Amino acid sequence: MRFNRSTIRGLLGSIALIATLAPALAADDVSFDLKYGVLVSLTGESAPAGQAWNAATKLGIDQIKASIDRLGLEGITLELTDSQDSQGSPAAGVEGAQKLVQIDNVDVIVGDFYSSITSAVATAVTMPNGKLIFTGGTSPALSKLNTSTPAMLWQPVPADDLQGKVLAQIIAKEFGANAKINVAARNDAYGTALAEVFTTAWKAGGGTVPKEVLYNPEQPTLDTEAQQLVDGAPDGWLFIDFCPTFEKLALPLGRTGKWDPAKSFGADSLAQCARQGGKSYPGFRATQASAAGGTSFGAFQKLFAEKVDKGIPFESTMAQPFDSTFVVFLAALEAKSSDPTEIANHVQNVTNDPGTPYTYEQIDDAIKAVLKGEKIHYMGASGPLNFGPDGRVNASLFDVWQHQPDNAPATVIETIAFKP
Amino acid sequence: MLQQLAQLTINGLITGTILGLTGVGLTLVFGIQRLANFAYGEYLTTAAYIAFIANVVFGLDLVSSALLAMAGGALLALLLHFLVLKPLRGRGLVAMSLITVGLGMMLRNVIFLVAGPQIRSLDIDQTRVFDLGLIRISPGQALAIGIAIVVAPAVALFLSRTTIGKSMRAVADNRDLAAVTGIDVERIGTYVWLLAGALAGIGGVMLAIVQGTFNPNLGTQILFLIFTTIVLGGIGNAYGALIGGVVLGLVMELSTWEGFAGGLEPRFKSVLAFVVLILLLLYRPQGLFGKERVL
């Protein structure tokens, strides 16, 4: 068979045209409507963090939508359907989640950061309805709710069983393994569970806990609790609380004349109280999963400052809901579906090696890569994520934040690798 | 141990006075308006924010700021009475109580919207300490004690010596009988909102000072304890609320004293308030100072 020159030219032209259009054709194949809902404490004692959580989720979705527009992916739509206020209460949380799932028909709920609320919502609403939930809760019990595969509850924050041991590790490094540490914790699921993990780890290492004070955060004053916490001549202190309540405790502690913030450690939620309008206690240190270790964390912090209302305080933990929006979207893109189970099947795929690493700043390239069928690893603003099959991140890096003088924002003084 | 007892007594008196003063307003409103006002906590919060604006934003001194907060609290109570609660009167106790729950949520969210969720504090040095031997108190606590020493007797005198005060107690005790004797029940109803708002105002400022910091949930956190106070003192009984608040504050704090078989764990202090409430409702439903009513 012989081809004339014009036939060959036509054939080559067609091949070139197909090669040029291939990605666009692949993109045209992908079509889904992805609906997010936020469930978080917009009022209540954790409102500052709740407002920031809501803003960070919206920010993430806006970034992805902008990228979709830039790439001209008309078949894909993203929507933050609604933000519901859990009021810091499981009952209100379940009610809000029911609205999101049954009326708004969202595919994924981003929230809540209260483990008690997440647990109630996952059990009563999201799991029975086959919806995804990306929580900020840190209770180790949460991922155990995933009784079948794929996991439908995802924890982008390292659970407290890790954090409690990390706290024991860094406190031992400071005071020695046999030191006496008084523990103060809010009397709720978060406070008591983390206090127990720490106390067990601390005693196992040879240390003692002369006083463990569990208190009701809604008490009008915490002077009595402060008095008890300075008893027993401790070498140091551990506090497990949120900033607004911690302020109520720290002021009377200071008045005892026996408390030294420089000998005090706190859990993740106490890392950056000055940013919430509270006071900083120079020398006070707190651990947090290494958000600042994320390569795009600085860019996220800048973006938050630019786009979010100035009255909403920034916290490094807000990288987690922000990242959750990207993880969900990229998993949906790879699955070519907004079906929650399909998304769940792809979460690990887009957050683990092997795969070309992309941050949120490279979301255009990440989308193109997924559409080409390439394997990617989304590197969160909060770190590499590395979701496991149980729905938990496998982070091993923790930042040690330190409060600064003159109410300046806390800074990361050390990033440590946790050694189980 | 004696030092601990002294410190706990002072802590209890401070908390108790706040409960007592705010309880007077709430109990008189209940007695006169037949209304359980679940939005009352937000009156405290609003007043604290008014004081914050006056003290921190405009640089006024704390006393002037507290007076403005009292005036603001009174105005808020009066406005809500005329705009919302009075037009809805007659819907029944349960319906009206639910309306005040909604009103409270609305107010709280307005505060969140306007003031933001940040932690705020009034301009007072909370790190200083007055060491008085057995006890150590902060300037904020000292100021709260000072306010209590002035305001609590003033309220008691107002209720016992002035015509309006006596009328308030009379209407709270028996509305129909008071009306028959010529008391203008409607007018007294308006005055009681002013008094309740003003007391919520001073209570909010005291709470903000004593806690050191506050946010829009300030009043919500203490509302249950205020209700316990008025049940303890006898619903509608102003003196009972004053004393009931102090008793509740002292009981909660002193229960943790090591001299009492090692003391109760602090986390059970609010449980203790519940226990007190349940026992009272079981064995003395009219409260410590209320009169038993026989039909």
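Source: prediction; values computed, not measured. (Residues numbered from 1 in each chain as written. Chains lettered and ligands numbered in written order. Predicted model: local features only at pLDDT ≥ 70, side-chain atom pairs only at ≥ 80, totals over all residues. Heavy atoms only, no water.)

Peer 1: What is the right way to read the overall build of chain B from this model?
Peer 2: Along the backbone of chain B there are eleven helices and two strands. Reading the secondary structure of chain B in the N-to-C direction produces α-α-α-α-β-β-α-α-α-α-α-α-α. Taking 295 residues into account, the globule formula puts the C-alpha radius of gyration at 19 Å, and chain B, at 19 Å, falls close to it. With respect to the principal axes defined by its C-alpha atoms, chain B has extents near 55 × 45 × 35 Å. Going through the 295 residues of chain B one by one, you find that 55% of them count as buried. Across chain B, every contact between residues at least 6 apart in sequence was considered, and the portion connecting residues at least 24 apart equals 74%. Counting every atom, chain B has about 12,300 Å² of accessible surface; 70% of that belongs to carbon and sulfur. The positive charge centre, built from 18 side chains, and the negative charge centre, built from 13, are 8 Å apart in chain B. (Helix = DSSP H or I, 4+ residues; strand = E, 2+ residues; numbered from the N terminus. Rg over C-alpha atoms; globule rule 2.2 N^0.38 Å. Buried < 20%, exposed > 50% of the residue type's maximum accessible area, 1.4 Å probe, protein only. Contact = heavy atoms within 4.5 Å. Areas by Shrake-Rupley, 256 points an atom, 1.4 Å probe, with all protein chains shown as cover. Lys, Arg positive; Asp, Glu negative; His and termini not counted. Charge placed at Lys NZ, Arg CZ, Asp CG, Glu CD.)

Peer 1: What is the right way to read the pairing of strand 6 (residues 181-186) of chain A from this model?
Peer 2: Where a strand is regular, its side chains alternate between the two sheet faces. All names here are of chain A. Most of strand 6 sits inside the fold, with six of its six residues counted as buried. Judged from the five bridges that link them, strand 6 and strand 8 (residues 236-240) form a sheet pairing that is parallel. Of the residues in strand 8, the one forming a bridge with Asn182 is Trp237. Sheet topology places strand 6 next to strand 7 (residues 212-215); four bridges connect them, and they run parallel. From the neighbouring strand, Val183 faces strand 7, where its bridge partner is Glu212. Read from strand 6 through helix 7 (residues 189-204) to strand 7, the crossover connection turns out right-handed. (Pairing = 2+ DSSP bridges. Right-handed = clockwise from strand over helix to strand, strands pointing away.)

Peer 1: How should I be thinking about the packing of helix 1 (residues 2-33) of chain B against helix 9 (residues 218-233) of chain B in this particular structure?
Peer 2: All names here are of chain B. Their axes nearest at 9 Å, the elements helix 1 and helix 9 cross at an angle of 70°. Judged by the angle between their axes, helix 1 and helix 9 are roughly perpendicular. Along its contact with helix 1, which presents Ile18, Leu19, Gly20, Thr22, Gly23, Leu26 and Thr27, the element helix 9 presents Ile222, Leu225, Ile226, Phe227, Thr229 and Ile230. Tallied by class, residues from the contact of helix 1 with helix 9 come to eight nonpolar, five polar and no charged. (Axes fitted to C-alpha atoms, helices over the stretch in contact; angles between N-to-C directions. Parallel < 35°, antiparallel > 145°, perpendicular 65-115°, else oblique. Nonpolar A, V, L, I, M, F, W, Y, C, P; charged D, E, K, R; others polar.)

Peer 1: Just to check I follow, could you spell out the UniProt feature "transmembrane region" (unreviewed entry) in chain B for this structure?
Peer 2: In the numbering adopted here, UniProt assigns the feature "transmembrane region" (unreviewed entry) to residues 12-31, 43-60, 66-85, 92-115, 135-159, 191-210, 222-251 and 271-289 of chain B. Between the C-alpha atoms that bound residues 92-115 of chain B there is a distance of 34 Å. The span itself is 96% helix and 0% strand. (UniProt positions renumbered as here; feature names shortened; annotations may be inferred.)

Peer 1: When you look at empty space enclosed by the protein in this model, what are you seeing that I'm missing?
Peer 2: Empty space left among the atoms is revealed by rolling a probe the size of a water molecule over them. All names here are of chain A. If you walk through the whole model with that rule in mind, you get four cavities of 30 Å³ or more. Taken as a whole, the largest cavity spans an internal volume of roughly 350 Å³. Around the largest cavity, the lining is made up of 23 residues, and of these Ala49, Phe113, Phe242, Ser269 and Thr317 lie nearest the centre. Per-element accounting of the lining of the largest cavity gives the leading share, three residues, to helix 2 (residues 47-71). For the lining of the largest cavity, the class distribution of residues is eleven nonpolar, nine polar and three charged. What the second largest cavity holds in volume is close to 110 Å³. (1 Å grid on protein atoms, 1.4 Å probe; cavity = no way out; pocket = protein on both sides within 12 Å on 5 of 7 lines; lining within 4 Å. Points joined across faces, edges and corners; volume = space filled by probe spheres on them.)

Peer 1: How should the domain arrangement of chain A be read in this particular structure?
Peer 2: The extent of an interface is frequently quoted as the accessible surface area lost upon association of the parts. Residue and element names in this part refer to chain A. According to the domain assignment, chain A contains domain 1 (30-157 + 293-378) and domain 2 (160-288 + 397-417). Computed over C-alpha atoms only, the centres of domain 1 and domain 2 are separated by 30 Å. At the junction of the two partners, domain 1 supplies 14 residues and domain 2 supplies 15 residues. Three residues stand out in domain 1 for area buried against domain 2, namely Glu45, Thr138 and Pro140, and they jointly supply 37% of the buried area on that side. At the junction of domain 1 and domain 2, the tally comes to zero salt bridges. Where domain 1 meets domain 2, there are one residue pair in polar contact (both at pLDDT 80 or more). For the side of domain 1 that touches domain 2, the residue count by class is five nonpolar, seven polar and two charged. (Domains from an automatic or database assignment. Buried area = accessible area lost by both parts, 1.4 Å probe. Salt bridge = Lys/Arg side-chain N within 4 Å of Asp/Glu carboxyl O. Polar contact = N/O pair within 3.5 Å; in protein donor to acceptor, adjacent residues only side chain to side chain.)

Peer 1: Looking at this structure, how should I read the interface of chain B and chain A?
Peer 2: Between chain B and chain A, the contact holds 35 residues from the first and 37 residues from the second. Between chain B and chain A, roughly 3,100 Å² of surface is buried when both sides are summed, and carbon and sulfur atoms account for 51% of that area. The largest per-residue losses of area from chain B upon contact with chain A belong to Ile119, Gln221 and Arg267 of chain B, which jointly make up 20% of the total buried on that side. Counting every contact that joins chain B to chain A gives two salt bridges.

Peer 1: Please explain the packing of helix 11 (residues 319-335) of chain A against helix 12 (residues 340-350) of chain A as it appears in this structure.
Peer 2: All names here are of chain A. Contact pair helix 11 / helix 12: the axes reach a minimum separation of 8 Å and the direction vectors enclose 110°. Of the possible angle classes, the one that applies to helix 11 and helix 12 is roughly perpendicular. Touching Val327, Val328, Leu330, Ala331, Ala332, Glu334 and Ala335 of helix 11 are Glu342, Ile343, His346, Val347, Asn349 and Val350, all from helix 12.

Peer 1: Would you mind showing me how to read a nonpolar patch on the surface here?
Peer 2: On the surface, a nonpolar cluster with roughly 860 Å² of combined accessible area is contributed by Leu264, Phe268, Val271, Phe274, Val275, Ile278, Leu279, Leu282 and Tyr283 of chain B. Secondary-structure assignment places Leu279 of chain B in helix 11 (residues 269-283). (Patch = residues over 30% accessible without salt bridge, like charges linked within 9 Å, V, L, I, M, F, W, Y side chains within 5 Å.)

Peer 1: Looking at this structure, how should I read the nonpolar core?
Peer 2: As a rule of thumb, nonpolar side chains are buried together in soluble globular proteins. Core analysis: the biggest nonpolar cluster contains 105 residues, and Tyr36, Phe300, Phe304 and Phe329 of chain A have the highest contact counts within it. Mapped onto the domain boundaries, this core takes at least three residues apiece from domain 1 (30-157 + 293-378) and domain 2 (160-288 + 397-417) of chain A. When neighbours within four sequence positions are excluded, Phe329 of chain A is seen to be in contact with Phe32, Leu34, Tyr36, Ile64, Ile68, Ile76, Leu78 and Ile367 of chain A. Ala51, Ala77, Leu199 and Ile230 of chain B belong to the second-largest nonpolar core, a separate cluster that totals 84 residues. (Core = buried A, V, L, I, M, F, W, Y, C linked by side-chain atoms within 4.5 Å.)

Peer 1: What's the story with the pattern of salt bridges in this structure? I'm lost.
Peer 2: A side chain with one charge may pair with a side chain of the opposite charge, provided their charged atoms come close. Considering all chains together, one arrives at 19 salt bridges over all chains under this definition. In this structure, Arg108 of chain B engages Glu42 of chain B in a salt bridge whose closest nitrogen and oxygen atoms are separated by 2.8 Å. Pair noted here: Arg108 of chain B is in helix 4 (residues 93-115) and Glu42 of chain B is in helix 2 (residues 40-57), with a separation of 66 residues, a long-range link. Using a relative accessible area of 2% as the deciding quantity, one classes Glu42 of chain B as buried. The residue Glu186 of chain B makes a salt bridge to Lys86 of chain B at a minimum N-O spacing of 3.6 Å. One end of the pair, Glu186 of chain B, is in helix 8 (residues 185-211); the other, Lys86 of chain B, is in the loop between helix 3 (62-85) and helix 4, and 100 residues separate them in sequence. According to the relative accessible area criterion, Glu186 of chain B is partly exposed, its value standing at 34%. The network of salt bridges with shared partners includes Asp82, Lys99 and Asp104 of chain A.

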